[in-house]
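Chain residues, written in single-letter form:
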Amino acid sequence: MWNLLQFELFKIFKKPRTYIAFGAIAAIILLIQIALLTNGKEYVKFMLSSLDDTLDIPYDQIRNGYWIGFAILNLLLIHVPILVALVAGDMVAGEANMGTLRLLITKPISRTNLLLTKFFACVIYTFILVVWTAFLCLVVSVLLFGTNDLVISKEFELLQIEKTDVLWRYIAAFGFGTVGLIVVASLSFLLSVLSDNSIGPIVATVAIIIVFTIMSEMQIPIYDKTVKPYLFTTHMLGWKGFFYIDSDVDGQTIKGSIQHFSSIMKSFAILIGYIFLFVSSAIIIFKKKDILS
Amino acid sequence: MKKIFVFLLLTRCFTSSSYAQNVNTILQKVKDKLNLVNDYEASGEMKTKVVFLKVPVASVKIYYKKPDKLKIKNEKGISFIPKGAVSININNVLTNNAFTILDGGIAKLGNTNVRVIKLLPEDDPDSYRDDVVLSTLYIDDNFLILKAKTTTKDNGTYELEMSYGKYAGYGLPDKVIFTFNTKDYKIPKGVTFDYSEDQKKAPDKTKARKGTIQITYKTYLINKGLSDAVFK
């Protein structure tokens, strides 16, 4: 199985389209960093303009590497899942399209193992993509803009996290984000099993993510109560929960705390459930599928 | 009967004159005390309590230089300072000499008797205090200002409560509670993309209109000479 995994990874990283994702992320992040380097103060002002009459806001201090990293991650909510789908959607359907799938299943390995190996290759690709994103988003931002306390703007609250309390939150958030992206990979993987052409699963995954994200963020009561709690896109935002620091009754933040840890764990469990659902469905369908291509 | 009336009238005139003079004297004694301080560098802890703001307790340095320079710096990170926080230093309230003094009588703050003095600034377009409409001072028997209320044209009312300790001789407090008006804070969720699993509700607007910062001073370095560069 290890040899097969190496082989699958070799196939992934031999395709030029794989590097589109790394290039696209680098381009997006660097463009945002350049923009915030020159006009970052205006962006912070836009976010905090409602406080300008009440407080003297240290805009230049707020615009630091940690804040830039958080702002970039917000802007990448839709883009990174698309880039994950680009590879995961091609894993099985790409083989079917090229006519190599039938050849592959003649090898002395069960269909379940074959599919699990392909899925683990997707997981490794996703992990590497997250590490790349973390490097550009956090390390480069910190090198360019330095560090200071992190100020998080929520709908009704402004949270300030001391700079010594930020790094572990990023590590936890990237870990959670990886799980969220693996859900996207597993969905795309399932659609890939259903198709003989890789364009279909990729486009379908992107469409599902866009529709679900809109439904998650529209704040329409009928969706908020019925559909939204079950959408994986709602729970994929759980990485942000690590930045929602808790406070005491006087509103003083408590170092090392998280506002709703149980909600994050619930979201984590739901995402794991989705991965299990999508991958097991893919295996069941693939095992019964008549491979003709 | 006529003699008694004249006597009462004279007594009334005499007492009101000395009463008014007394207010001026009190204020002058307060000023004399404050005038002992040309500059200071203080260190302390700042707690911010605003309904929409969740921030850590900050270690701050406060710099003051006559006549009206004040700077609050967070030693380790970011601090949100309320507009009008310049009044945290009471010297800044009394900087402008061009005001009309009104006697507000005697009141009680807790168990302490205080003299209430109201200051109505006269028009001074060059003064940075031209936003101030009225300042009310509550002064105790030791000529220390325990409480000050400042009403402004554009930024509502600020309130300052002070308690004193070992720097009382200079009129410098050990603890200051600065109360100020706040406005509503809201960013559309479509911009913040909040993780809303916790279903955070909007704060109650009826009790969200006031914020406070509390500064507890640990040390003062008085009259050591401060460069203007500190205030930039």
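A short note on the sheet that holds strand β6 (residues 99–109) of chain B
Residues and elements named next belong to chain B.
Here's step 1: Read from one edge to the other, the open sheet built from 10 strands follows the order β4-β3-β1-β12-β11-β10-β9-β8-β7-β6, with strand pairing classed as antiparallel. Two strands in the sheet have a free side with no partner beyond their single neighbour: β4 (69–74) and β6. Taking the axes of each pair of neighbouring strands and ignoring which way they run, one obtains an average angle of 20° across the sheet.
Here's step 2: Bridge count for strand β1 (residues 39–49) against strand β12 (residues 210–222) is 10 bridges, and the pairing is antiparallel. When the sheet's bridge partners are listed, M46 is paired in β12 with I215.

Some thoughts on the interface of chain B and chain A
Here's step 1: Opposite the 39 residues of chain B that make contact, chain A presents 51 residues.
Here's step 2: Of the roughly 4,500 Å² buried between chain B and chain A on both sides combined, carbon and sulfur atoms contribute 55%.
Here's step 3: The largest contributions to the chain B side of the interface with chain A come from K54(B), I78(B) and Y195(B), which together make up 20% of the buried area.
Here's step 4: Between D250(A) and K49(B) there is a salt bridge, with the nearest N and O atoms lying 3.4 Å from each other.
Here's step 5: Taken together, the links from chain B to chain A amount to 15 residue pairs in polar contact (both at pLDDT 80 or more).
Here's step 6: Looking at the side of chain B that touches chain A, the elements with two or more residues in it are β1, β2 (53–54), β5 (81–82), β11 (173–181) and α3 (189–192) of chain B.

Section: the sheet that holds strand β2 (residues 150–153) of chain A
Here's step 1: Reading across from one edge, β2(A)-β3(A)-β2(B) is the order of the three strands in this open sheet, with mixed pairing throughout. Of all strands in the sheet, those with a lone pairing partner are β2 of chain A together with β2 of chain B, marking the two edges.
Here's step 2: Bridge count for β2(A) against strand β3 (residues 158–161) of chain A is four bridges, and the pairing is antiparallel. Bridge assignment links V151(A) to a residue of β3(A), and that residue is Q160(A).

Overview of the environment of I272(A)
Here's step 1: Mapped onto the secondary structure, I272(A) falls in helix α13 (residues 261–288).
Here's step 2: Residue classification places I272(A) among the partly exposed residues on the basis of a relative accessible area of 39%.

Examining the environment of D140(B)
Residue and element names in this part refer to chain B.
Here's step 1: With respect to the helices and strands, D140 occurs in the loop between β8 (132–139) and β9 (145–152).
Here's step 2: When its relative accessible area of 11% is taken as the criterion, D140 is described as buried.
Here's step 3: Not counting chain neighbours up to four residues away, the residues in contact with D140 comprise T112, N113, V114 and L146.
Here's step 4: Polar contacts involving the side chain of D140 include one to the main-chain amide nitrogen of L144, which spans 2.9 Å.

Some remarks on the pairing of β4(B)
All names here are of chain B.
Here's step 1: Burial along β4 is one-sided: the face carrying L70, I72 and N74 is buried and the face carrying K69, K71 and K73 is not.
Here's step 2: Relative to β4, strand β3 (residues 58–65) runs antiparallel, the two being bridged by six bridges. Opposite Y63, over in β4, you have K71 as the bridge partner.
Here's step 3: Hairpin connection from β3 to β4: three residues lie between these consecutive antiparallel strands.

Things to note about the packing of aromatic side chains
Here's step 1: Scanning all chains against the criterion turns up 27 aromatic pairs over all chains.
Here's step 2: Ring geometry for W239(A) versus F243(A): centroids 6.3 Å apart, planes at 85°, classification edge-to-face. Summarising the burial analysis for this pair, W239(A) and F243(A) share the class buried.
Here's step 3: Connected via pairs of aromatic rings, a cluster forms that spans F13(A), Y19(A), F22(A), Y125(A), W132(A) and F135(A).
Here's step 4: The ring of Y244(A) carries K154(A) above its face, with NZ or CZ at 4.0 Å from the centroid.
Here's step 5: Here the basic side chain of K147(B) rests over the ring of Y138(B), its NZ or CZ set 5.4 Å away from the ring centre.

Quick word on the pairing of β11(B)
All names here are of chain B.
Here's step 1: Alignment of strand β10 (residues 157–164) against β11, held across six bridges, turns out to be antiparallel. From the neighbouring strand, L160 faces β11, where its bridge partner is F178.
Here's step 2: Sheet topology places β11 next to β12; seven bridges connect them, and they run antiparallel. Pairing of I177 across the sheet is with Q214, part of β12.

Focus on the nonpolar core
Here's step 1: Ranked by size, the top nonpolar core spans 148 residues in total, and within it Y40(B), F80(B) and I145(B) carry the most contacts.
Here's step 2: Every residue in contact with F80(B), bar those within four places of it in the chain, is listed here: L55(A), D56(A), I57(A), P58(A), I62(A), V151(A), L158(A), Q160(A), M46(B), L53(B) and V55(B).

With respect to a nonpolar patch on the surface
Residue and element names in this part refer to chain A.
Here's step 1: Nonpolar side chains collect at one region of the surface, where I210, I214, M218, I220, I222 and Y223 lie side by side and expose about 500 Å² of accessible area between them.
Here's step 2: Elements with a minimum of two residues in the nonpolar patch: α10 (199–217) and α11 (221–226).
Here's step 3: Mapped onto the elements, I214 comes out in helix α10.

Some details on the pattern of salt bridges
Here's step 1: As enumerated under the stated definition, the model contains 15 salt bridges over all chains in all.
Here's step 2: Where D90(A) meets R17(A), a salt bridge forms, and the shortest distance between an N and an O atom there is 3.6 Å. Residue D90(A) is located in the loop between α5 (79–88) and α6 (93–98), and its partner R17(A) is located in helix α2 (residues 16–48); the two are separated by 73 residues in the primary sequence.
Here's step 3: A relative accessible area of 27% means that R17(A) is categorised as partly exposed.
Here's step 4: The residue D103(B) makes a salt bridge to R115(B) at a minimum N-O spacing of 3.0 Å. With D103(B) in strand β6 and R115(B) in strand β7 (residues 112–121), this residue pair connects regions lying 12 residues apart in the sequence.
Here's step 5: Judged by its relative accessible area of 31%, D103(B) falls in the partly exposed class.

Conventions used here
- Residues numbered from 1 in each chain as written.
- Chains lettered and ligands numbered in written order.
- Predicted model: local features only at pLDDT ≥ 70, side-chain atom pairs only at ≥ 80, totals over all residues.
- Heavy atoms only, no water.
- Pairing = 2+ DSSP bridges.
- Helix = DSSP H or I, 4+ residues; strand = E, 2+ residues; numbered from the N terminus.
- Axes fitted to C-alpha atoms, helices over the stretch in contact; angles between N-to-C directions.
- Contact = heavy atoms within 4.5 Å.
- Buried area = accessible area lost by both parts, 1.4 Å probe.
- Salt bridge = Lys/Arg side-chain N within 4 Å of Asp/Glu carboxyl O.
- Polar contact = N/O pair within 3.5 Å; in protein donor to acceptor, adjacent residues only side chain to side chain.
- Buried < 20%, exposed > 50% of the residue type's maximum accessible area, 1.4 Å probe, protein only.
- Phe/Tyr/Trp six-rings, centres within 6.5 Å; stacked < 30°, edge-to-face > 60°.
- Lys NZ or Arg CZ within 6 Å of the ring centre and 35° of its normal.
- Core = buried A, V, L, I, M, F, W, Y, C linked by side-chain atoms within 4.5 Å.
- Patch = residues over 30% accessible without salt bridge, like charges linked within 9 Å, V, L, I, M, F, W, Y side chains within 5 Å.
- Areas by Shrake-Rupley, 256 points an atom, 1.4 Å probe, with all protein chains shown as cover.

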